[in-house]
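A closer look at the structure
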Amino acid sequence: MTLKITWDEASARRTERQFLAVPARAGTPVADIVGAMLGAHAQVLSAAEVSVGVRADGVTRAEVRAALWEDRSLVKTYGPRGTVHLLPTVELPLWTAALTAIPAGRSPFAPAVRLTEEQADEVVAAIGDALDGARLTVDELSDEVVARTGPWAGDLVMPAFQGMWPRWRQVMHRAGQRGALCFAPNRGRKVTYTRPPLFEPLPADEGLALLVRRYLRAYGPATPGHFAKWAAAPRGWATELFASLAGTGVIEEVDFEGPAWVVAGDTEFPGTPVRGVRLLPYFDAYAIAAQPRETLFPGPAHARALAGGQAGNFPVLLVDGVVAGVWHQRRRGRRTTVTVEPLERLPAARERELAEQVERVGDILEARAELVVGAVTAGPHA
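Rules used in this analysis
- Residues numbered from 1 in each chain as written.
- Predicted model: local features only at pLDDT ≥ 70, side-chain atom pairs only at ≥ 80, totals over all residues.
- Heavy atoms only, no water.
- Salt bridge = Lys/Arg side-chain N within 4 Å of Asp/Glu carboxyl O.
- Helix = DSSP H or I, 4+ residues; strand = E, 2+ residues; numbered from the N terminus.
- Buried < 20%, exposed > 50% of the residue type's maximum accessible area, 1.4 Å probe, protein only.
- Pairing = 2+ DSSP bridges.
- Axes fitted to C-alpha atoms, helices over the stretch in contact; angles between N-to-C directions.
- Parallel < 35°, antiparallel > 145°, perpendicular 65-115°, else oblique.
- Contact = heavy atoms within 4.5 Å.
- Nonpolar A, V, L, I, M, F, W, Y, C, P; charged D, E, K, R; others polar.
- Right-handed = clockwise from strand over helix to strand, strands pointing away.
- Expected span 1.5 Å × (residues − 1).
- Core = buried A, V, L, I, M, F, W, Y, C linked by side-chain atoms within 4.5 Å.
- Phe/Tyr/Trp six-rings, centres within 6.5 Å; stacked < 30°, edge-to-face > 60°.
- Lys NZ or Arg CZ within 6 Å of the ring centre and 35° of its normal.

**Concerning the pattern of salt bridges**
This model, assessed by the stated rule, comprises 15 salt bridges. Arg 13 serves as the salt-bridge partner of Asp 266, at 3.3 Å between the closest nitrogen and oxygen. Of the two residues, Asp 266 is situated in the loop between strand E10 (259–263) and strand E11 (277–280) and Arg 13 in helix H1 (residues 7–17); the sequence distance between them amounts to 253 residues. Each member of the pair, Asp 266 as well as Arg 13, is classed as buried. With a closest N to O distance of 2.8 Å, Arg 17 and Asp 266 form a salt bridge. One end of the pair, Arg 17, is in helix H1; the other, Asp 266, is in the loop between E10 and E11, with 249 residues separating them in the sequence. Through salt bridges with shared partners, a single ionic network connects Arg 13, Arg 17 and Asp 266.

**Some details on the pairing of strand E3 (residues 84–88)**
Most of E3 sits out of view: 5 of its 5 residues are buried. With 2 bridges joining them, strand E1 (residues 40–41) and E3 adopt antiparallel strand pairing. The residue of E3 that forms the bridge with Ala 40 is Leu 86. In this structure, strand E2 (residues 74–78) lies alongside E3, joined through 5 bridges in antiparallel fashion. Among the inter-strand pairings, Leu 74 is bridged to a residue of E3, identified as Pro 88. With antiparallel pairing between neighbouring strands as the criterion, E2 and E3 make up a hairpin whose turn holds 5 residues, including Arg 81 at a positive phi of roughly 65°.

**With respect to the packing of helix H5 (residues 92–101) against helix H9 (residues 204–219)**
Between H5 and H9, the least distance of the axes is 8 Å, while the angle of their chain directions is 100°. On the basis of their axis angle, the class for H5 and H9 is roughly perpendicular. Judged by residue contacts, Leu 94, Trp 95, Ala 97, Ala 98 and Ala 101 of H5 engage Ala 204, Gly 207, Leu 208, Leu 210, Leu 211 and Arg 214 from H9. Of the residues contributing to the contact of H5 with H9, the split by class is 9 nonpolar, 1 polar and 1 charged.

**Some details on the pairing of strand E15 (residues 368–373)**
By the bridge criterion, 6 bridges tie strand E14 (residues 335–342) to E15 in an arrangement that is parallel. Paired with Val 340 across the bridge in E15 is Val 373. For the crossover that starts at E14, traverses helix H15 (residues 348–364) and ends in the parallel E15, the hand is right-handed.

**Quick notes on the sheet that holds E15**
The 5 strands are arranged E11-E12-E13-E14-E15 in an open sheet whose pairing can be described as mixed. With partners counted over all chains shown, the strands left at the sheet margins are E11 and E15, one partner each. Taking the axes of each pair of neighbouring strands and ignoring which way they run, one obtains an average angle of 30° across the sheet. Bridge analysis of strand E12 (residues 316–319) against strand E13 (residues 322–332) gives 4 bridges, and the strand direction is antiparallel. Note that in E13 the partner of Leu 317 across the bridge is Gly 325.

**Some remarks on the sheet that holds strand E7 (residues 182–187)**
Taken together, 3 strands build an open sheet; the order of strands is E4-E8-E7 and the sheet is antiparallel. Of all the strands in the sheet, the pair left with one neighbour each is strand E4 (136–137) and E7. Two strands pair when backbone bridges link them, and E4 and strand E8 (residues 190–194) are joined in this way by 2 bridges, in the antiparallel orientation. Of the residues in E8, the one forming a bridge with Thr 137 is Thr 192.

**Quick word on H15**
The terminal C-alpha atoms of H15, which comprises 17 residues, lie 25 Å apart, in line with the 24 Å expected from a rise of 1.5 Å per residue. Residue Glu 366 follows H15 closely and has a positive phi angle near 55°.

**A short note on the nonpolar core**
Membership of the largest hydrophobic core comes to 116 residues, with the highest contact counts inside it found for Leu 86, Leu 141, Phe 227, Trp 230 and Phe 297. Sorting elements by how many residues they give to this core places H9 first, with 8 residues. Discounting residues that sit within four places of it in the chain, Phe 227 has contacts with Leu 211, Val 212, Tyr 215, Trp 237, Ala 238, Leu 241 and Phe 242.

**Considering the environment of Gly 276**
Along the chain, Gly 276 falls in the loop between E10 and E11. Note: C-alpha distance between Gly 276 and Val 22 (254 residues apart in sequence) is 9.9 Å.

**What about the packing of aromatic side chains?**
Taken as a whole and judged by the stated rule, the model has 9 aromatic pairs. Ring centres 6.4 Å apart and planes at 50° place the aromatic pair Trp 95 and Trp 230 in the tilted group. On the criterion of sequence distance, the pair formed by Trp 95 in helix H5 and Trp 230 in helix H10 (residues 224–231) is long-range, its members being 135 residues apart. The buried category is assigned to Trp 95, whose relative accessible area is 2%. Ring geometry for Phe 227 versus Trp 230: centroids 5.9 Å apart, planes at 40°, classification tilted. One end of the pair, Phe 227, and the other, Trp 230, are both in helix H10, 3 residues apart, so they sit about a helical turn from each other. For Trp 230, a relative accessible area of 7% translates into the label buried. Every member of this aromatic cluster is reached through a ring pair, and the members are Trp 95, Tyr 215, Tyr 219, Phe 227, Trp 230 and Phe 242. Here the basic side chain of Arg 169 rests over the ring of Trp 165, its NZ or CZ set 3.7 Å away from the ring centre.

Here it is in structure tokens:
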């Protein structure tokens, strides 16, 4: 008989494994926290710092930055979905193997703008060569790439914010996913790039199988469609991947609002539902990966906290494991005001928990935080 898993059981296990039920004890390596999350989205570094900090006692942005820039146990690079993430440095062999094995979607660029596969490979190799032992701004890197490839790489053909970018930049994320590029500390206000420590990627099949197991352990039960959405992969390809892993006994099927999958043998779930209040920042890994999304974002939360169905564009308030509002902060010097807009009025006990979470956000950001509970709102933000 197929094991039946309820939302409460799945939610309780996910939050437990994400260190959202009980934060990791003081002294837990920051890289271990990020590994459990399957990466921390870091387009906005302060959001990544909060994502990590709310999962571990005593961790502040200083500890996250030290792991990133000093002991280099973390690397900031292009990860899942081609977006900027913090990843554990020791896991780069896994990520490079798996991410480069995921089929790319159709190019968003016009045919005359695109790179051929041969040109893309040439650009990635040039990026790795240029950044080996160096820290370069994007303009410096552009000069090096064009010098190593040809003028075609520097053609200004990519629409950008206030102008045009050179052709080679359309595969910048691919260079990160292949281990040829990562972020380095800023030079003043300018972003710089370098090459991560050299490593040998895992074989592609091994990397994909390991990534699926890691994903299911963190966010399962899940379907191939859930994995495809999280990884920005073709749904049909993900279905075939799961079928191949099921055939070798790597994963097993359960009933979770329909057929879903867990790692083979990983069928123990907590017996009590999630309780408590948590604040998750922009693009927190849990808000993006936990499925089904309509259950995580129930009722009015779907309209208020999702942008066109996309998770992450709003920091969210979790109450008992589901989205129950949004929040934002405004910092001035050493103070930050955290305004929380619940979807329903919070009881006094929940407000006390919320105040503790706001204080924790302030500690992470090394600021004194003040809580403002905004008006109850059930619709899109005005």
